[in-house]
Structures are given as structure tokens and as C-alpha cells.
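# Analysis of the macromolecular model
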Amino acid sequence: MNDLQHRYDDLLARMARAAQQVGRKPAEVRLIAVSKTFPPAMLRTLAELGQRDFGESYVQEALPKQHALADLELCWHFIGPLQSNKTRPVAEHFDWVHGVDRLRIAERLSSQRPDSRGALNVCLQVNIDDEASKSGVAPADLPALAEQVASLPRLRLRGLMTLPRPRGPGEDPHEPFRALRALADTLRAHGHTLDTLSMGMSEDFEAAIHEGATHVRVGSALFGRR
Ligand SMILES: *Cc1c(COP(=O)(O)O)cnc(C)c1O
């Protein structure tokens, strides 16, 4: 068994265990293999093992990889920061966008989504720790943004995404994920149908699964160090 296969099996087992620890079914949590900087051959190996969802952060890097793997039925998630001059290739070539944090980006994605494809799935990125350096909508501004994004015709608002600051020793890694879940519950109470919490990476996916993650985005624990 090669290293990649070994890490993949190990990761899926850890995800399943984390789900079971809180009475969830392993199938409720989807792995997005974050493949940025890694070559198409590694993605192909994982696809042969059954992996379908891949996450990429850079448009210029992702498009040639998608082209090289076009014979496979894959689901592509754009997880990087998104400038308005880069929305068109994302709207055309991805199935999901996880980092929407302002209306202007959402409007462009909606108007640029080709008719030949279904609605683009989007998650709103929330700046859960209120960090100046991070993108993401402030929790206080989330309800208004959700309202606006949900009304765009070619987008389907699926849920929330966050990228918390790493917790240190003595801090509870569950706290930011619990906060994101509470925000999603509030939006649901306002009538939004949300089925997605995109949260958890290599260092903290177990805590995220404990708090209800439906999609974890894992890179280095799977592919190795970038
Ligand atoms: C790179 C990246 C990840 C994966 O991070 P790892 O620590 O390598 O698992 C997840 N989410 C986003 C938004 C990323 O940019």
C-alpha cells in the first residue's frame, strides 16, 4: 500500500471515529481533499480509491488540473480567496464556492454561471474570530448578506464556511465551530434552508465534526506537507 493510500484510509477512519463519538453517521461528513500545489497524478490516485470531492484555491492552478482529469466524474470546490476579476472561470468550472463574503462577488458568480450548468453551490465565509487579516463576513452582517445571496437566481446558498485561527494549548478547539453552527441555526430560524457547515482542516477536523461539520477541507494530513 502506498503512502497516499495509507493516509487516505487513516483519515477516513479518523473522520468516522469523530462522527461516531457524537452519535453521527460517518456518511454525514464529506471529505474535500484539498489538492492545491499537488499534481494531478495524486488526485487521480485518490479518485481511483473512491474520492470525488477536491478543493482548489488558485484558479490558474486548478483549470489545467481539471483539464487533465476531465475523464473522471469529480466535484470541484473553490476554497480560495476570490477577487471580482477571477469570478468568471470559477463560475464556469467549479461546482461549489466556499469563500463568498460579499454581495458583489456573489452577483458576479450568479450572472456568470452558465445556463448549461446547474446553480452554483455557495457557502458564506464567516470571520468567526474577527481577525483583521482574514476574509469573511462579520457575524453581525451575515443575516443581511444571506438574504441577498439567497435571492440570486443562479446560486444556491448551501451554508456557512469558516477558517478559525488555530487554537493553542488550553484553548477549546470546538469553540469557533460551535459558534458557526449557532449562526447557521439562526439563519435557519429566519427561513433559510441550509444543509452545509464547511469547517475543519488537518489540525482541527475532529473538533469540527463533533460540532456538526458536513464538509471538512483537509490538505496536508492527506497529501503531505506543501
Ligand atoms: C489550504 C486550505 C485548507 C487545507 O489546509 P490543511 O491544513 O492543509 O488541511 C482548508 N481550507 C482552506 C480554505 C485552505 O486554503
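Cut-offs used in this document
- Residues numbered from 1 in each chain as written.
- Predicted model: local features only at pLDDT ≥ 70, side-chain atom pairs only at ≥ 80, totals over all residues.
- Heavy atoms only, no water.
- Near = heavy atom within 4 Å.
- Polar contact = N/O pair within 3.5 Å; in protein donor to acceptor, adjacent residues only side chain to side chain.
- 1 Å grid on protein atoms, 1.4 Å probe; cavity = no way out; pocket = protein on both sides within 12 Å on 5 of 7 lines; lining within 4 Å.
- Sits in = over half its atoms within 2 Å of the grid points.
- Nonpolar A, V, L, I, M, F, W, Y, C, P; charged D, E, K, R; others polar.
- Helix = DSSP H or I, 4+ residues; strand = E, 2+ residues; numbered from the N terminus.
- Points joined across faces, edges and corners; volume = space filled by probe spheres on them.
- Phe/Tyr/Trp six-rings, centres within 6.5 Å; stacked < 30°, edge-to-face > 60°.
- Buried < 20%, exposed > 50% of the residue type's maximum accessible area, 1.4 Å probe, protein only.

### Here we look at the site of the ligand
The environment of the ligand is formed by 13 residues, the closest being Lys36, Ser202, Gly219, Ser220 and Arg226. A distance of 2.5 Å separates an oxygen atom of the ligand from a polar atom in the side chain of Ser202. Gly219 is positioned such that a nitrogen or oxygen atom in its backbone is 2.8 Å from an oxygen atom of the ligand. A majority-of-atoms criterion places the ligand in the largest pocket. Broken down by class, the residue content of the shell around the ligand amounts to six nonpolar, four polar and three charged.

### Topic: unusual backbone geometry
Positive phi outside glycine occurs at Thr37, with the angle close to 75 degrees. One non-glycine residue with positive phi stands out, namely Asp130, at about 55 degrees. Within the element layout of this structure, Asp130 appears in the loop between strand E5 (120-126) and helix H6 (142-150).

### Regarding the layout of surface pockets
Gaps left between atoms are located by rolling a probe of water-molecule size over the structure's atoms. The volume enclosed by the largest pocket comes to roughly 660 Å³. If you trace the largest pocket, you find 33 residues lining it, with Leu163, Pro164, Met201, Asp204 and Arg217 closest to the centre. Of all the secondary structure elements, the ones that give two or more residues to the lining of the largest pocket are helix H7 (175-189) and helix H8 (205-210). Among the elements that make up the lining of the largest pocket, the one with the highest residue count is H8 (three residues). Classifying every residue of the lining of the largest pocket by side-chain character gives 14 nonpolar, nine polar and 10 charged. The volume enclosed by the second largest pocket comes to roughly 270 Å³. Taken together, 16 residues line the second largest pocket, and the ones lying closest to its centre are Pro26, Ala27, Val29, Arg30 and Leu31. For the lining of the second largest pocket, the elements supplying multiple residues, two or more each, are helix H1 (3-21) and strand E1 (30-34).

### Overview of the packing of aromatic side chains
Taken as a whole, this structure holds three aromatic pairs when the rule is applied. Arranged with centres 5.0 Å apart and planes meeting at 15 degrees, the rings of Phe38 and Phe223 form a pair that is stacked. Here Phe38 is found in the loop between E1 and helix H2 (40-48), whereas its partner Phe223 is found in helix H9 (residues 220-223), with 185 residues between them in sequence. Plain terms: the ring middles of Phe78 and Phe94 are 5.3 Å apart, the flat faces sit at 80 degrees to each other, and that makes the pair edge-to-face. Of this pair, Phe78 sits in strand E3 (residues 75-78) while Phe94 sits in the loop between helix H4 (87-93) and strand E4 (96-100); the two residues are 16 residues apart in sequence, bridging distant segments of the chain. The exposure class assigned to Phe94 is buried, which follows from its relative accessible area of 0%.

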